[in-house]
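Coordinate inspection notes
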Amino acid sequence: MVDEAHADGFLRALSGRTVRDCLPPRPRELPITDPDATVLELAALMARTHSPLVAVVERGWLAGAVTLQALLERVLAA
């Protein structure tokens, strides 16, 4: 829960900022896998790239993405 004063301060601090302002100074490796990757391969890719998000590409097209949270939820539910 955030009070009005802090919420207003947060919004003022972001005023005029763009997405480009939030990007890291050096591009990181974009983690990409294919739909046939195993869960273990996906987890290893996330660990190696320090990324909680992996793009799933099939035949050159973005088929979707897997988040670390979704991966853990499915693995732990099994």
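Residues numbered from 1 in each chain as written. Predicted model: local features only at pLDDT ≥ 70, side-chain atom pairs only at ≥ 80, totals over all residues. Heavy atoms only, no water.

**As for the sheet that holds strand β2 (residues 53-58)**
The following threshold applies: Between any two strands, at least two bridges found by DSSP are needed for them to pair. Here a helix means four or more residues in a row that DSSP labels H or I, a strand means two or more in a row labelled E, and each is numbered from the N terminus.
The strand order β1-β2-β3 describes an open sheet built from 3 strands, whose pairing is mixed. Each having just a single partner strand, β1 (32-33) and β3 (61-67) make up the two edges of the open sheet. Direction of pairing for β2 relative to β3: antiparallel, over a ladder of 6 bridges. Note that in β3 the partner of V54 across the bridge is V66.

**Some remarks on the nonpolar core**
Our working definition: We call a set of buried residues a nonpolar core when its members are Ala, Val, Leu, Ile, Met, Phe, Trp, Tyr or Cys and they connect through side-chain atoms within 4.5 Å of each other. Only protein chains enter the calculation, and the probe is 1.4 Å; a residue is then buried if its accessible area is under 20% of its type maximum, exposed if over 50%, and partly exposed in between. Any pair of residues with heavy atoms lying within 4.5 Å of one another is described as a contacting pair.
Core analysis: the largest hydrophobic core is formed by 5 residues, namely L42, L45, M46, V54 and L71. Examining the composition of this core, we find that 3 residues originate from one element, helix α3 (residues 39-49), more than from any other. Aside from chain neighbours lying at most four places away, what touches L42 is T33, V54, V66 and L71.

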